[in-house]
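# Analysis of the macromolecular model
These are the residues of each chain, in order.
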Amino acid sequence: MITENQYFDGNVKSLGYETAEGKSTVGVINPGEYTFGTAQQEIMHVVEGELEALLPDAIEWISIAAGNHFEVPANASFKVKATVQTAYLCQYR
């Protein structure tokens with residue numbers, strides 16, 4: 001089954017699916033700054049575009065270009081900023 005997700009007044013949209021490895025979403029983030037919370041560990045892959053991320057307990061933003069990823073532990077909060085539309089794959093593990 002494919003699920004549709006929409007956050008932040010439609011500025012972040014994704015399609016969810018599940019494989020043998022677990023749940024994942026593929027989506028697009030419009031330019032802006034957004035705060036997300038995690039229930040499970042998340043592995044966020046930037047497919048196209050670029051994100052800046054402020055990870056839990058960090059004081060400096062990091063830049064994640066297309067082809068790279070970052071990880072966020074379960075039960076945490078993190079922020080992302082996009083200056084261009086950015087495509088991503090998020091794996092929940």
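Rules of the game
- Residues numbered from 1 in each chain as written.
- Predicted model: local features only at pLDDT ≥ 70, side-chain atom pairs only at ≥ 80, totals over all residues.
- Heavy atoms only, no water.
- UniProt positions renumbered as here; feature names shortened; annotations may be inferred.
- Core = buried A, V, L, I, M, F, W, Y, C linked by side-chain atoms within 4.5 Å.
- Buried < 20%, exposed > 50% of the residue type's maximum accessible area, 1.4 Å probe, protein only.
- Helix = DSSP H or I, 4+ residues; strand = E, 2+ residues; numbered from the N terminus.
- Contact = heavy atoms within 4.5 Å.
- Phe/Tyr/Trp six-rings, centres within 6.5 Å; stacked < 30°, edge-to-face > 60°.
- Lys NZ or Arg CZ within 6 Å of the ring centre and 35° of its normal.

In the nomenclature of an unreviewed UniProt entry, the chain corresponds to Pyrimidine/purine nucleoside phosphorylase from the organism Pedobacter soli. In the Function (unreviewed entry) part of its UniProt record, the chain is described as follows: "Catalyzes the phosphorolysis of diverse nucleosides, yielding D-ribose 1-phosphate and the respective free bases. Can use uridine, adenosine, guanosine, cytidine, thymidine, inosine and xanthosine as substrates. Also catalyzes the reverse reactions." In its Sequence similarities (unreviewed entry) section, UniProt records this for the chain: "Belongs to the nucleoside phosphorylase PpnP family."

As a further point, take the nonpolar core. In this structure, Ile29, Met44, Leu51, Phe70 and Val80 are the most contacted members of the largest nonpolar core, which totals 17 residues. Put simply, the parts of the chain that give this core at least two residues each are strand E4 (32-37), strand E5 (42-48), strand E6 (50-54), strand E8 (69-72), strand E9 (77-82) and strand E10 (86-92). At three residues, E9 tops the list of elements feeding residues into this core. With residues up to four places along the chain from it excluded, the contact list for Phe70 reads Glu42, Ile43, Met44, Leu51, Ala53, Leu55, Ile64, Phe78 and Val80.

Following the criterion strictly, the structure yields four aromatic pairs and no others. With 4.9 Å between their ring centres and 45° between their planes, Phe8 and Tyr34 make a pair best called tilted. Taken together, the positions of Phe8 in the loop between strand E1 (3-7) and strand E2 (12-19) and Tyr34 in strand E4 put the pair 26 residues apart, joining distant regions of the chain. For the pair Phe70 and Phe78, a centre-to-centre distance of 5.9 Å together with 70° between the ring planes defines the contact as edge-to-face. A single burial state applies to Phe70 and to Phe78, both of which are buried. The rings of Phe8, Tyr34, Phe36, Phe70 and Phe78 are connected pair by pair, giving a single aromatic cluster. In this structure, Lys81 is placed above the aromatic ring of Trp61, and the distance from its NZ or CZ to the ring centre is 4.2 Å.

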